[in-house]
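Chain and residue survey
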Amino acid sequence: SQKIEQNSEALNIQEGKTATLTCNYTNYSPAYLQWYRQDPGRGPVFLLLIRENEKEKRKERLKVTFDTTLKQSLFHITASQPADSATYLCALDVYSGNTPLVFGKGTRLSVIA
Amino acid sequence: GAGVSQSPSNKVTEKGKDVELRCDPISGHTALYWYRQSLGQGLEFLIYFQGNSAPDKSGLPSDRFSAERTGGSVSTLTIQRTQQEDSAVYLCASSSTVSNQPQHFGDGTRLSIL
């Protein structure tokens, strides 16, 4: 069956360290992968999109990698801050174009000062 | 500019009642999506509208759920004869017509069935 897994439900790290979140998938061949941030009581907010032919994408302190052989994406936040505390969702576009995304359950990140 | 707007933000109703949830997408966005998020769960796709095409209803959990989109803009999700398992946050998102674009979400309607 098709499945998306994010490495853990919760991740605690010390302020200033690099947070690494993992998204693994099976039985999909996504055209691209997106990462979203969701704060309590709010809708998800788009962060980064990476295409299947891209290995890495960066935006400020954020970095995403995409390994279609391993069927895995890694999401890194460098120099983490307490304000980075949120739930981070990965989402796959399995059909390409404007189609519904398939979301993982998310990883709740807590950055401790 | 204005983002995706959803109303009401909270809805409490009795089991067996019908509810209507509204979504105002970003102006000019042709794609509109409804998702459901239950406590501790990921986002579950419900229904998707793209321009004037027939909607993709493949995610609707039962025939008690329906949605329409009038004039290619505002959408209404209707749940008839609500059940307690319908309690969840219902999220709406929109995206532009260009492919491989991010989805822009509203803050959802928190539905509680007593």
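Now for a look at the structure at hand. (Residues numbered from 1 in each chain as written. Chains lettered and ligands numbered in written order. Predicted model: local features only at pLDDT ≥ 70, side-chain atom pairs only at ≥ 80, totals over all residues. Heavy atoms only, no water.)

1. Some remarks on the nonpolar core
In terms of nonpolar packing, the biggest core is built from 25 residues, with Trp35, Phe75, Tyr88 and Leu109 of chain A touching the most fellow members. Those elements that provide at least two residues to this core are β2 (10-14), β3 (19-26), β4 (32-38), β5 (45-51), β7 (62-67), β8 (72-77), β9 (86-93) and β11 (107-112) of chain A. When neighbours within four sequence positions are excluded, tyrosine 88 of chain A is seen to be in contact with Gln6, Leu21, Trp35, Tyr36, Arg37, Leu47, Phe75, Ile77, Gly106, Thr107 and Leu109 of chain A. Listed in part, the 20 residues of the second largest apolar core include Ile47, Ala67, Leu77 and Cys92 of chain B. (Core = buried A, V, L, I, M, F, W, Y, C linked by side-chain atoms within 4.5 Å. Buried < 20%, exposed > 50% of the residue type's maximum accessible area, 1.4 Å probe, protein only. Helix = DSSP H or I, 4+ residues; strand = E, 2+ residues; numbered from the N terminus. Contact = heavy atoms within 4.5 Å.)

2. Comments concerning the interface of chain B and chain A
On the side of chain A, 22 residues touch chain B, which itself brings 25 residues to the contact. Interface area for chain B against chain A, summed over the two sides, is near 1700 Å², with a carbon-plus-sulfur share of 50%. On the surface where chain B and chain A come into contact, there are one salt bridge. For the salt bridge of arginine 42 of chain A with aspartate 107 of chain B, the shortest nitrogen-to-oxygen distance reads 2.9 Å. Connecting chain B to chain A are five residue pairs in polar contact (both at pLDDT 80 or more). Elements with a contribution of two residues or more to the side of chain B that touches chain A: β4 (31-37), β5 (43-50) and β8 (88-95) of chain B. Looking at the side of chain B that touches chain A residue by residue, the classes come out as ten nonpolar, 13 polar and two charged. (Buried area = accessible area lost by both parts, 1.4 Å probe. Salt bridge = Lys/Arg side-chain N within 4 Å of Asp/Glu carboxyl O. Polar contact = N/O pair within 3.5 Å; in protein donor to acceptor, adjacent residues only side chain to side chain. Nonpolar A, V, L, I, M, F, W, Y, C, P; charged D, E, K, R; others polar.)

3. Details of unusual backbone geometry
In this model, serine 7 of chain B is joined to proline 8 of chain B through a cis peptide bond whose omega is -10°. Along the chain, proline 8 of chain B turns up in the loop between β1 (5-7) and β2 (10-13). Of note, the phi angle at lysine 71 of chain A is positive, near 60°, even though the residue is not glycine. Relative to the assigned elements, lysine 71 of chain A resides in the loop between β7 and β8. By relative accessible area, lysine 71 of chain A is classed as partly exposed at 29%. Of note in this structure, alanine 79 of chain A is not a glycine but carries a positive phi near 45°. With respect to the helices and strands, the residue alanine 79 of chain A is situated in the loop between β8 and β9. For alanine 79 of chain A, a relative accessible area of 39% translates into the label partly exposed.

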